[in-house]
Amino acid sequence: MDSRRAFVGKRILYVDQKSNMSGARLSLLSIVKGVRSHGVVPLVICGKDGPFVKALKTEGIDVGVIDIGSLFSTDPRRIVTSLLALVKLWCHAARARVDLIHTNSFGAHIFGGVVARLLGKKTVWHIREFTENIEDTPQKKRWRKLIVSILLLGATFLADRIVCVSKAVRDHYANGKIDHKLQVVYNGIDLDRFRYGEGTDYLLEELSLDAEDRVVSIFARLSPWKGHHWFLKGAALIKERLGRVKFLVVGSRMEYEIEEDYERHLRNLARDLGLGNDVIFTGFRSDVPALMALSDVVVSTSSKEPFGRVIVEAGAMMKPVVASSSGGHLETIVDGVTGLLVPYAD
């Protein structure tokens, strides 16, 4: 008997704290679309409305919004809101008669784990991130360490399985108590979407490029740990040596104040480096495959990438990649064969 038949008709509730279209949400979108094709009934709850909710609705996925902002707050109003959100999530899951709860972000793990235990259901935590960022202040690092300690304690009792997107992420959280629950499952991509030979003619006019221009691109949200400033500094060196090269910065910032400041810093840096006419900030784009097809080289300058789906997408489109030699990059790139690995900030 096909083992997949055992999942037909099962109802899985996916819970995510956010609704921006980052790599984590793109991967979750692929999952819910994929399980549906195998007869699973996917249900999704997001912590807020946004592009991800819109994308799910476009795909005909059952999605709702419950404010599961954070359990880690000392604001009395935020605490009350979180407790109400927990009750709402429990009621929603009970009415939907879910068979499994799958959480997709830090802010969702405890919520989903508690609700699953109350309902007597299994829960899967999907961990797609490290706990520290290069831009963290000492105070923020201490706060993150406390949050992680709480999460790991919660994982001991609330998580039946913990899916990690790379061995690097697994090793980051292994503490001897939950190691038997940790399972590495790499992110998949839609090969029908990321295929060699994608049309790019319309982009030449839109981005004011010539067919002879060589294009080097970075695809990432505008956040300091993604290392766009190193990309721009490297772009200046490349421009000196090769001349006719254009550099695409594909991605937008999220709602964090530090990312708003970082975007401003990047635009000023490009100008100060004399790249004002050579760097194109595209903002968020839904036509990433076409932009990758336009690129001659794809770059990832993250300080420590948990997985790096951009690397896999570029590989599917037969594009060479250059990336920092840390985190998930060490697992997705064969140095000197499928791409080049370089020290961070080199």
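Refer to the structure presented above.
What comes next is a walk through the structure. Since the structure is predicted, the reported quantities are computational estimates derived from the model, not experimental observations.

**Some points on the packing of aromatic side chains**
Each aromatic ring pair is specified by the distance between its two centres and by the angle formed by the two planes.
So, point 1. By the definition in use, this model includes 4 aromatic pairs.
So, point 2. Ring centres 6.0 Å apart and planes at 35° place the aromatic pair Tyr186 and Phe307 in the tilted group. Of this pair, Tyr186 sits in the loop between β7 (182-184) and α7 (201-206) while Phe307 sits in the loop between β11 (297-300) and α11 (309-316), placing them 121 residues apart in sequence.
So, point 3. Look at Phe307 and you get buried, because its relative accessible area is 4%.
So, point 4. Judged by centre distance (6.2 Å) and plane angle (80°), the rings of Phe231 and Phe247 are edge-to-face. A residue pair is termed long-range when its members are at least 10 positions apart, and Phe231 in helix α8 (residues 228-242) and Phe247 in strand β9 (residues 245-250) qualify at 16 residues.
So, point 5. The class of Phe247 is buried, set by a relative accessible area of 0%.
So, point 6. The residue whose ring lies beneath Lys233 is Trp230, and the NZ or CZ to ring-centre distance is 4.6 Å.
So, point 7. Here the guanidinium or amino end of Arg267 rests over the ring plane of Phe281, the centre of that ring lying 4.5 Å away.

**Focus on unusual backbone geometry**
So, point 1. Positive phi outside glycine occurs at Arg97, with the angle close to 55°.
So, point 2. Of note, Arg97 is situated in the loop between α3 (76-96) and β4 (100-103).
So, point 3. A residue is classified by how much of its surface remains accessible, and Arg97, at 59% relative accessible area, is exposed.
So, point 4. Residues other than glycine seldom take positive phi values, yet Met318 does so here, at roughly 60°.
So, point 5. Tracing the backbone through its elements, the reader meets Met318 in the loop between α11 and β12 (321-324).

**Structural notes on the packing of helix α1 (residues 23-36) against helix α2 (residues 51-58)**
So, point 1. Between α1 and α2, whose axes approach to 11 Å, the crossing angle comes to 20°. Considering their axes alone, α1 and α2 lie roughly parallel with respect to each other. Relative to α2, the crossing made by α1 is right-handed. Across from Arg25, Leu28, Leu29 and Val32 in α1, the residues of α2 making contact are Phe52, Ala55 and Leu56.

**Here's the deal with the nonpolar core**
So, point 1. Of all hydrophobic cores here, the largest spans 25 residues; its most connected members are Leu207, Phe219, Leu248, Leu291, Met292 and Leu294.
So, point 2. Listed by contribution, the elements that provide at least two residues to this core are β8 (214-219), β9, α10 (288-294), α11 and β12.
So, point 3. Looking at which element gives the most residues to this core, the answer is α10, with 6 residues.
So, point 4. What Leu294 contacts, discounting residues up to four positions off in sequence, is Thr200, Leu203, Leu204, Leu207, Leu209, Val215 and Leu248.

**Details of the pattern of salt bridges**
So, point 1. On inspection of all chains with the given rule, the structure shows 19 salt bridges.
So, point 2. With a shortest N-O distance of 3.9 Å, Glu59 and Arg36 are connected by a salt bridge. Here Glu59 is found in the loop between α2 and β3 (62-65), whereas its partner Arg36 is found in helix α1, with 23 residues between them in sequence.
So, point 3. The exposure class of Arg36 is partly exposed, given its relative accessible area of 34%.
So, point 4. Taking the shortest distance from any N to any O, the salt bridge between Lys246 and Asp278 comes out at 3.4 Å. Linking Lys246 in strand β9 with Asp278 in the loop between α9 (257-272) and β10 (279-283), this pair joins segments that are 32 residues apart in sequence.
So, point 5. Residue classification places Lys246 among the buried positions, given a relative accessible area of 17%.
So, point 6. You can call Asp278 buried: its relative accessible area is 8%.
So, point 7. Where salt bridges share partners, they join Asp210, Glu212, Asp213 and Arg244 into one cluster.

**Quick look at the environment of Phe7**
So, point 1. In this structure, Phe7 sits in the segment before β1 (11-16).
So, point 2. Put simply, Phe7 and Gly39 are 32 residues apart on the chain and 6.9 Å apart in space, counted from C-alpha to C-alpha.
So, point 3. With residues near it in sequence (within four places) discarded, Phe7 still touches Gly39 and Val40.

**As for the pairing of β12**
So, point 1. Bridge count between β11 and β12: 3 bridges; the pairing is parallel. Bridge pairing links Val298 to Val321 in β12.
So, point 2. Each parallel crossover has a hand, and the one from β11 via α11 to β12 is right-handed.

**Some points on the side chain of Ser295**
So, point 1. By secondary structure assignment, the location of Ser295 is in the loop between α10 and β11.
So, point 2. For Ser295, a relative accessible area of 0% corresponds to the buried category.
So, point 3. Side-chain polar atoms of Ser295 contact the backbone oxygen of Leu291, separated by 2.8 Å.
So, point 4. Excluding its chain neighbours within four sequence positions, the residues that come into contact with Ser295 are Val215, Ser217, Phe219 and Lys319.

What counts and what doesn't
Residues numbered from 1 in each chain as written. Predicted model: local features only at pLDDT ≥ 70, side-chain atom pairs only at ≥ 80, totals over all residues. Heavy atoms only, no water. Phe/Tyr/Trp six-rings, centres within 6.5 Å; stacked < 30°, edge-to-face > 60°. Helix = DSSP H or I, 4+ residues; strand = E, 2+ residues; numbered from the N terminus. Buried < 20%, exposed > 50% of the residue type's maximum accessible area, 1.4 Å probe, protein only. Lys NZ or Arg CZ within 6 Å of the ring centre and 35° of its normal. Axes fitted to C-alpha atoms, helices over the stretch in contact; angles between N-to-C directions. Parallel < 35°, antiparallel > 145°, perpendicular 65-115°, else oblique. Left-handed = near helix turned anticlockwise from the far one by under 90°. Contact = heavy atoms within 4.5 Å. Core = buried A, V, L, I, M, F, W, Y, C linked by side-chain atoms within 4.5 Å. Salt bridge = Lys/Arg side-chain N within 4 Å of Asp/Glu carboxyl O. Pairing = 2+ DSSP bridges. Right-handed = clockwise from strand over helix to strand, strands pointing away. Polar contact = N/O pair within 3.5 Å; in protein donor to acceptor, adjacent residues only side chain to side chain.

Purely geometric stuff here, so don't read any function into it on its own.
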